[in-house]
Amino acid sequence: MLQIECPWCGPHDETEYHYGGQAHVAYPEDPEALSDEEWAEYLFYRDNPKGPFAERWVHSTGCRRWFNVVRDTVTYEVLAVYTGARPEVASAGGDR
Amino acid sequence: MADSILDTTSGPVELRRSPLAATAAGVAEAGAGGGGVRLAERPFTTMVGLRVVPGSTAADAIGAVLGAPLPAGVGEVTGEGDHRTLWLGPDEWLVVSDGSREELLSRLRAAAEGPGVAIVDVSANRTVLELEGPAARSVLDKGCPADLHPRAFGAGRAITTTLARVPVLLWQTGEQTYRLLPRSSYAEYVAAWLLDAAQEFLEPVG
Ligand SMILES: [Zn+2]
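Keep in mind that this is a model prediction, so the values were computed, not measured. (Residues numbered from 1 in each chain as written. Chains lettered and ligands numbered in written order. Predicted model: local features only at pLDDT ≥ 70, side-chain atom pairs only at ≥ 80, totals over all residues. Heavy atoms only, no water.)

## As for the pattern of salt bridges
Piece 1. The full count for this structure, using the stated rule, is 15 salt bridges over all chains.
Piece 2. In this structure, the salt-bridge partner of A:Glu55 is A:Arg71, at a minimum N-O distance of 2.5 Å. Of this pair, A:Glu55 sits in strand S4 (residues 52-58) while A:Arg71 sits in strand S5 (residues 66-72), placing them 16 residues apart in sequence. Each member of the pair, A:Glu55 together with A:Arg71, is buried.
Piece 3. Here B:Asp91 and A:Arg65 are joined by a salt bridge, their closest N and O atoms 2.2 Å apart. Highlighted residues: B:Asp91 in the loop between strand S4 (83-89) and strand S5 (92-97) and A:Arg65 in the loop between S4 and S5, drawn from two different chains.
Piece 4. Accessibility expressed as a relative area gives 25% for B:Asp91, which makes it partly exposed.
Piece 5. Given a relative accessible area of 15%, A:Arg65 falls into the buried group.
Piece 6. Via salt bridges that share partners, A:Arg64, A:Arg65, B:Arg51, B:Asp91 and B:Glu92 belong to a single interconnected network. (Salt bridge = Lys/Arg side-chain N within 4 Å of Asp/Glu carboxyl O. Helix = DSSP H or I, 4+ residues; strand = E, 2+ residues; numbered from the N terminus. Buried < 20%, exposed > 50% of the residue type's maximum accessible area, 1.4 Å probe, protein only.)

## A short note on the coordination of the zinc ion
Residues and elements named next belong to chain A.
Piece 1. Taken together, the protein donors to the zinc ion comprise Cys6 (SG), Cys9 (SG), His59 (ND1) and Cys63 (SG), at separations of 2.0 to 2.4 Å.
Piece 2. Read N to C, the donor residues that coordinate the zinc ion are spaced as C-x2-C-x49-H-x3-C.
Piece 3. Relative accessible area serves as the criterion here: at 0%, Cys63 is assigned to the buried category. (Donors = N, O, S within 2.8 Å, 3.2 Å for Na, K, Ca; no water.)

As structure tokens, then:
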């Protein structure tokens with residue numbers, strides 16, 4: 001089981017959290033202008049890197065706040081926990 | 001103000017039914033035990049949910065009504081007299097009070113209102129179970145992932161966590177006393193789980 005450090009509550013077991021998928025997926029500037037393919041790309045397509053990956057987590061049974069975690073998808077090591085701007089270690093996570 | 005306080009012996013208040021009504025007999029039996037742990041319900045406790053920007057004028061005004069500043073971080077509980085305020089999140093708190101629901105709500109609403117302030121009666125959202133005795137922590141340790149050892153937790157601290165996989169608010173009120181606040185729909189499950197987990201401690205050690 002992962003132990004994740006909530007920015008507000010400190011370290012807690014993974015079972016207190018829910019996963020929210022890839023982080024830094026920006027809502028399209030002008031959704032109306034997207035083709036169906038581009039819209040589908042935004043909705044459903046995500047990176048699947050081997051290594052550090054920036055992802056969304058919510059402390060659902062605790063403070064109920066969302067934040068970002070950089071997790072190594074090979075070792076499961078939590079490399080960074082942050083809100084707001086992406087730290088250096090997350091650069092391999094890939095933008096969309 | 002006295003006019004607005006409901007008569008507690010008749011009318012709608014008398015019709016209130018605890019979410020633990022069906023389990024009351026078992027809980028009462030456990031409460032009478034002379035062993036390592038006792039369980040009791042404190043039904044119909046006044047609870048008020050607060051959302052406000054921490055450090056704002058409104059937060060200060062609310063703190064003045066409650067007798068202490070709002071808790072600033074995880075685990076903290078503040079207050080005096082009838083009211084205790086539990087930290088739920090960076091801008092969210094729960095007031096648990098032995099006082100009148102109507103009076104507390106009207107005093108809080110008179111102190112602070114407007115955009116960004118939410119003062120909501122959530123008394124029916126949860127019920128309160130009290131687990132007490134030298135074995136209380138051993139019972140909780142069977143199903144709670146949080147570290148309840150005195151080095152990490154203690155009297156006067158409260159956290160939201162899980163017990164037997166369901167969300168509860170866990171509040172330690174004394175050296176050997178814990179209050180568990182499950183949502184009403186989970187209350188029977190939590191009570192049944194506690195009774196089962198406490199079974200080995202209920203009889204006096206002979
Ligand atoms: Zn948290």
